[in-house]
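Structural overview
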Amino acid sequence: MVLNSSIRYATDSLCIDEVDIDAIARETGTPVYIYSLKRVLENYRRLRSAFARLGARVHFSVKSNGSLAILRALNEAGAGFDCVSSGEITLALEAGARGKDIVFAGVGKTRAEINFAVSKGIGWFNVENVLELRYINEAAAEAGVDTIGVAPRLNPQVEAKTHPYMATGHGAAKFGLTADVIREVLASQAQYPRINFAGIHLHIGSQLGDNEATLSAVDKLLDLIRPWPQIRKINLGGGLPVAYRFDETIPSLGDFVEALAPRLDGYEVLLEPGRSIVADAGVLAAEVLYVKRQAGQVFYIVDASMAEMIRPALYGAHHEILPLRKTEGDMVKAHVVGPVCESADVLARDRKLPLLREGDRVALLTAGAYGMAMASNYNARPRPAEAVVAESGDRWRVSRRREMISDLPGLEL
Ligand SMILES: *Cc1c(COP(=O)(O)O)cnc(C)c1O
């Protein structure tokens, strides 16, 4: 069975590239996130070539996975970065990015973050508040920076086909500026002498189920900027979907680019994908602690929980789960749950799984995006280790050590 080019069974062992996942899990302990750098780079290059006819520059969305090992690999492959905080900017710089390779987005940038970004030579701000423009202008003047590139983020008031928590482009969302506000801003450019309004930004959500909403948003965006021919850069945001289920089909990237190409002819295009680059390059390995059968139900209680992977609890997200050692024989319908004291701590409900026993290990698939990035210390659980398999596919290392209980009380006075 081939799951993707990097995560697959070799005989009976679930492997990540050439490495047996169970061998990693035995050495690092569980739960552990494991990423294939090969798959990350493959996904990045696939996007780059799909969008090549638009000449699109890809900025990896650091919020989806801030692992320095991944950021370094993407930086070396030529990616830029999309950051939403000073912390993420610091990570991108640490990974080797230059300020001009970073776009700084976010609906609530603090003045300190704006000053920090300007001091680091950040090339581009996606702006979501009118007052932000004044702050950026003042920060540039103070730092002696002549001009800073700004792209107002359009809230196109379209409904994206995705989970409500992942939709950002409708009228009731806090994100972006509506077209009327952007028109006013562009008409008052003289107030911001240090700002170069050379671009426009759009991001209507994540895990987008069809291309229609994006295309309709792009049409609105083109209508909006028509009177300002100096706006030459269009940032289409991220949101490209991945298949979380074995039987799931996602909208074709080729069709999407085909539909975009005539519209965006002559523009410089930027993208900010996160999920579509890292999600299917990562797994979360966990061990079965207990098998509980009661009230006609089967529970596999594993040592990973909503603290390490919140997506099922937060979005009702589906992650496929596979045993690290393939077994023939009976399947059961089971719930895979974590140890956290919350009824929402369910990683998979009513899932057809092989008969597992205490000590068996499993992998939660497509866990590379918004997994570790959203992990918390809830229930005073130390956050898990991360391991990466090198691009060569046959070597791996721990890239971030598991937190220790002694790390936890460190900030308390
Ligand atoms: C979250 C986010 C992204 C990345 O979204 P993905 O769905 O992971 O591709 C890109 N741009 C902005 C502004 C975001 O908020």
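Predicted model, so just to flag it, every value in this text is computed and none were measured. Along each chain, the written sequence defines residue order, and numbers are assigned to residues from 1. For this predicted model, a pLDDT threshold of at least 70 governs which residues receive local features, and a threshold of 80 or more governs which side-chain atom pairs are given and counted, while totals over whole chains, interfaces and linings are taken from all residues. Note that water and hydrogens are dropped before the side-chain values are worked out from all heavy atoms of the structure.

**Things to note about unusual backbone geometry**
The bulk of non-glycine residues show a negative phi, and the bulk of peptide bonds are trans. Condition: Labels follow the DSSP assignment, with helices taken as runs of H or I lasting at least four residues and strands as runs of E lasting at least two, numbered in each case from the N terminus. For each residue, the accessible area found with a 1.4 Å probe, counting protein chains only, is set against the maximum for its type, and the residue is called buried under 20%, exposed over 50%, and partly exposed in between.
For the peptide bond that leads from threonine 30 to proline 31, omega is -5 degrees, which places it in the cis range. Here proline 31 shows up in the loop between α1 (21–28) and β4 (32–36). Unlike most non-glycine residues, threonine 366 shows phi in positive territory, near 55 degrees. Within the secondary structure, threonine 366 sits in the loop between β19 (361–364) and β20 (385–389). You will see that tyrosine 370, though not glycine, has its phi angle at about 60 degrees, which is positive. Topologically, tyrosine 370 is positioned in the loop between β19 and β20. What makes tyrosine 370 buried here is its relative accessible area of 9%.

**A few points about the domain arrangement of the chain**
Our working rule: Throughout the structure description, domain borders are defined by an automatic or database domain assignment. Contact criterion: two residues are considered in contact whenever any of their non-hydrogen atoms come within 4.5 Å of each other. What gets called buried area is simply the loss in accessible area from a 1.4 Å probe that two parts show on being joined, summed for both. Just to be clear on terms, a salt bridge is a Lys or Arg side-chain nitrogen sitting within 4 Å of an Asp or Glu carboxyl oxygen.
Under the domain assignment, the chain is made up of domain 1 (7–36 + 279–411) and domain 2 (37–277). Placing a centre on the C-alpha atoms of domain 1 and another on those of domain 2 gives a separation of 31 Å. Listed by partner, the interface residues are 26 residues for domain 1 and 24 residues for domain 2. Carbon and sulfur atoms supply 56% of the area buried between domain 1 and domain 2, which totals about 2300 Å² over both sides. Contact with domain 2 buries surface across domain 1, with Tyr315, Tyr370 and Glu391 losing the most and accounting together for 26% of the total. Inspection of the region where domain 1 meets domain 2 yields 2 salt bridges.

**Concerning the side chain of glutamate 88**
Here is the rule: Definition of a polar contact: a pair of N or O atoms within 3.5 Å, with one able to donate and the other able to accept a hydrogen when the atoms are protein atoms, and with sequence-neighbouring residues admitted only if both atoms are side-chain atoms.
Residue position: glutamate 88 is located in helix α4 (residues 86–94). Within polar-contact distance, the side chain of glutamate 88 engages the backbone nitrogen of valine 84 at 2.9 Å. Residues in contact with glutamate 88, not counting those within four places in the same chain, are Val62, Lys63, Asp82 and Cys83.

**A word on the sheet that holds strand β1 (residues 7–10)**
Strands in a sheet are paired, the pairing made by backbone hydrogen bonds, and the direction either parallel or antiparallel. Test applied: Only strands joined by at least two bridges in the DSSP assignment are considered to pair.
An order of β1-β2-β3 is seen for the 3 strands of this open sheet, with the pairing classed as antiparallel. Every other strand in the sheet has two partners, leaving β1 and β3 (19–20) as the edge strands with one partner each. Where β1 lies against strand β2 (residues 13–16), 4 bridges are found, and the strand directions are antiparallel. Paired with tyrosine 9 across the two strands is leucine 14, which belongs to β2.

**Considerations on the packing of helix α8 (residues 212–225) against helix α9 (residues 253–264)**
As a reminder, the rule being used: To obtain an axis, a line is fitted to C-alpha atoms, over the contacting stretch when the element is a helix, and the angle between two such axes runs from 0 to 180 degrees between their N-to-C directions. When an angle is under 35 degrees it counts as roughly parallel; over 145 it counts as roughly antiparallel; between 65 and 115 it counts as roughly perpendicular; any other value is oblique. When residues are sorted by character, Ala, Val, Leu, Ile, Met, Phe, Trp, Tyr, Cys and Pro go into the nonpolar class, Asp, Glu, Lys and Arg into the charged class, and all the rest, Gly among them, into the polar class.
Where α8 meets α9, the axes come as close as 11 Å, and the angle between the chain directions of the two elements is 5 degrees. Comparing their axes, α9 and α8 come out roughly parallel. On α9, the residues that touch Thr214, Leu215, Val218, Asp219 and Leu222 of α8 are Phe256, Ala259, Leu260, Arg263 and Leu264. Looking at the contact of α8 with α9 residue by residue, the classes come out as 7 nonpolar, 1 polar and 2 charged.

**Quick word on the site of the ligand**
We count it as follows: When we say a residue is near a molecule or strand, we mean one of its heavy atoms is within 4 Å of it. Surface exposure here means Shrake-Rupley accessible area, sampled with a 1.4 Å probe, where a residue is shielded only by the protein chains that are shown.
Surrounding the ligand, one finds 14 residues, the nearest of these being Lys63, Ser206, Glu272, Arg275 and Tyr370. Within the backbone of arginine 275, an N or O atom sits 2.8 Å from an oxygen atom of the ligand. Within the complex, 94% of the 390 Å² of free accessible area of the ligand lies under protein. Its residues assigned to classes, the shell around the ligand comprises 2 nonpolar, 7 polar and 5 charged.

**Focus: α9**
To keep it simple, the criterion reads: A helix is expected to reach a length of 1.5 Å times the quantity of its residues less one. Our arc is simply the arc of the directions from the helix axis toward the C-beta atoms.
Here α9 contains 12 residues, and its C-alpha end-to-end distance of 16 Å stays within 8% of the 16 Å for a straight helix at 1.5 Å per residue. Within α9 the residues assigned to the buried category are Phe256, Val257, Leu260, Ala261 and Leu264. For α9, the angular spread of the buried residues around the axis is 135 degrees, confining them to a single face. Opposite the packed face of α9, turned more than 90 degrees from it, sit the exposed residues Asp255 and Pro262. Between a side-chain oxygen at the N-terminus of α9 and the backbone nitrogen of glycine 254 the separation is 3.2 Å; the capping residue is serine 252.

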